[in-house]
Number of protein chains: 2
Amino acid sequence: MAYRAHDVVTRALDVLDAHGLADLTMRRLGKELGVQPSALYHHFANKQSLLAAVADEILARGARPVEAERWQDRVVAICTMLRDSLLAYRDGAEVVATVHAFGLGATQPRDALTGALSGAGLRADDISVGTRTLLHYVYGHTIDEQTHLQADSAGALGDDAAAGVTDRDFANGLELILDGIALRVGVTQA
Amino acid sequence: MAYRAHDVVTRALDVLDAHGLADLTMRRLGKELGVQPSALYHHFANKQSLLAAVADEILARGARPVEAERWQDRVVAICTMLRDSLLAYRDGAEVVATVHAFGLGATQPRDALTGALSGAGLRADDISVGTRTLLHYVYGHTIDEQTHLQADSAGALGDDAAAGVTDRDFANGLELILDGIALRVGVTQA
DNA sequence: ACCTGAACACCGTTCAAGT
DNA sequence: ACCTGAACACCGTTCAAGT
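Fair warning: this is a prediction, and the values are worked out from it, not measured in the lab.

> Go over the overall build of chain A with me, naming the residues and quoting the values.
A tally of regular secondary structure across chain A gives 8 helices and 0 strands. Taken from the N to the C terminus, the helices and strands of chain A come in the order α-α-α-α-α-α-α-α. Counting only C-alpha atoms, chain A reaches 60 × 45 × 25 Å along its principal axes. Split into buried and exposed, the 190 residues of chain A put 44% on the buried side.

See the structure below:
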């Protein structure tokens, strides 16, 4: 039944956010649902495809309308929304990046970026290079952020100078890539 | 004894390259060395620090002198060398990226890139943003490549159109980021 | 259709004890 | 200094059997 599978995903997200990816095991999730671990294999072929459903749910919950007109603003809006979506759940960036790398889902951000860059007047291969570069940036940067956030909330003496990466850093790196893309359109950002 | 620890790393690299990261377990490695798994804990505090040593060995084996003069050429040389180093061992990109993310080692590429960008006349925070952006790009791109290579050598009907990412794609994305950095120096590449 | 119970073939890590 | 043996507390997955 479709709604039962979705219940499993909802509970998986609870476990993920409360205890982290390392504790999101089939056995743990079964216990949390009051069910034998083997029962989960009725709804999902294996752990990987459960994680794919979890990743897509993280993205769906973080989805917002992108209102901007200029392609640069659309790209920034999409990347910011993606980062916010990932930061909303513990280990969210790692889950979604892994699922995307294995090609089992999480295609929505790629499609959105490709769509935005298609409105920029780029050659087809620049669209694909730009999309991949942006995705690698957002995933890599956000995994870094989330790793440091957890390290801080654990050991945490709070060396506030070496505090790692900030919102500003994210925006700066994004701008840098955007400038590289804009150069290929023959347009410089104001 | 220092040389015994290095023997463990050497054998770990053999197992990694022959069977992949999933099969690089403490138990498997012990068996391969003719030793109980618990014996490994005399040389390494835990699996993570063993993996850190493996990552550093992958980077050390792939290290080449960087001869270029212009900072752009130095960055390209470093990133290309890094990618080549990672591709030389099965799951090399994932191992090194993970170790780097956890901050347990693999600092050499970051230092090299920071050094190259320091010769470009950038503001301090542009050096750090540029370094991080380049690293995320190389790790992300190379993990993608390696994942697709393995998928191809497994299932592999050889849909040569959908064959994924190439050497050229790597160079193009790198150039794009480099252009974004160059804009911050007030220098456009010829 | 959905779940149980039991099993299979594994993990990382610890620790007293041996040499 | 280096290693063994045994244990602890886990994994993902399969599959006959139940309802």
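> For the relation of the copies chain A and chain B, give the residues involved together with the corresponding values.
Each of the two chain copies can be generated from the other by rotation about an axis followed by a shift along it. Superposing chain A onto chain B requires a rotation of 180° together with a translation of 0.0 Å along the rotation axis, leaving an RMSD of 0.0 Å. The transformation relating the two chain copies, once decomposed into turn and shift, fits a two-fold axis. No C-alpha of chain A approaches the rotation axis more nearly than that of G180 of chain A, which lies at 2.1 Å. A share of 100% of interface residues in chain A that are also interface residues in chain B marks the association as one of identical surfaces.

> Could you give an account of the domain arrangement of chain A, naming the residues involved and the relevant values?
All names here are of chain A. Assigned domains of chain A: these are domain 1 (5-44) and domain 2 (66-189). On a C-alpha basis, the centroid separation for the pair domain 1 and domain 2 is 28 Å. At the interface, 7 residues of domain 1 touch 6 residues of domain 2. Around 570 Å² of area is buried between domain 1 and domain 2 when both sides are counted, 60% of it from carbon and sulfur atoms. When residues of domain 1 are sorted by the area they lose upon contact with domain 2, L16, D17 and L21 head the list and together hold 69% of the total. One can count 0 salt bridges joining domain 1 with domain 2. Joining domain 1 to domain 2, the criterion identifies 3 residue pairs in polar contact (both at pLDDT 80 or more). Across the side of domain 1 that touches domain 2, the residue classes tally to 4 nonpolar, 2 polar and 1 charged.

> Quick rundown of the interface of chain A and chain B? Include the residues and the values.
Contacts between the two partners involve 24 residues from chain A, matched on the other side by 24 residues from chain B. Counting across the chain A and chain B interface gives 4 salt bridges. One salt bridge in this structure joins R132 of chain A and D169 of chain B, with 3.5 Å as the shortest N-O distance. On inspection of chain A and its partner chain B, the count reaches 8 residue pairs in polar contact (both at pLDDT 80 or more). Contributions of two or more residues to the side of chain A that touches chain B are made by α7 (124-154) and α8 (167-183) of chain A. When residues of the side of chain A that touches chain B are assigned to their parent elements, the largest contribution, 11 residues, is made by α7 of chain A. A per-class count over the side of chain A that touches chain B returns 8 nonpolar, 10 polar and 6 charged.

> Give a description of the packing of helix α3 (residues 47-62) of chain A against helix α5 (residues 92-101) of chain A that names residues and reports values.
Residue and element names in this part refer to chain A. Relative orientation of the contacting elements α3 and α5 amounts to 120°, with a least axis distance of 9 Å. One element, α3, and the other, α5, form an angle in the oblique class. Considering only the axes of α3 and α5, their crossing is left-handed. In contact with L51, A52, V54, A55, I58 and L59 of α3, α5 contributes G92, V95, V96 and V99. Split into classes, the residues belonging to the contact of α3 with α5 amount to 9 nonpolar, 1 polar and no charged.

Thresholds applied
- Residues numbered from 1 in each chain as written.
- Chains lettered and ligands numbered in written order.
- Predicted model: local features only at pLDDT ≥ 70, side-chain atom pairs only at ≥ 80, totals over all residues.
- Heavy atoms only, no water.
- Helix = DSSP H or I, 4+ residues; strand = E, 2+ residues; numbered from the N terminus.
- Buried < 20%, exposed > 50% of the residue type's maximum accessible area, 1.4 Å probe, protein only.
- Least-squares fit on C-alpha atoms with pLDDT ≥ 70 in both.
- Contact = heavy atoms within 4.5 Å.
- Domains from an automatic or database assignment.
- Buried area = accessible area lost by both parts, 1.4 Å probe.
- Salt bridge = Lys/Arg side-chain N within 4 Å of Asp/Glu carboxyl O.
- Polar contact = N/O pair within 3.5 Å; in protein donor to acceptor, adjacent residues only side chain to side chain.
- Nonpolar A, V, L, I, M, F, W, Y, C, P; charged D, E, K, R; others polar.
- Axes fitted to C-alpha atoms, helices over the stretch in contact; angles between N-to-C directions.
- Parallel < 35°, antiparallel > 145°, perpendicular 65-115°, else oblique.
- Left-handed = near helix turned anticlockwise from the far one by under 90°.

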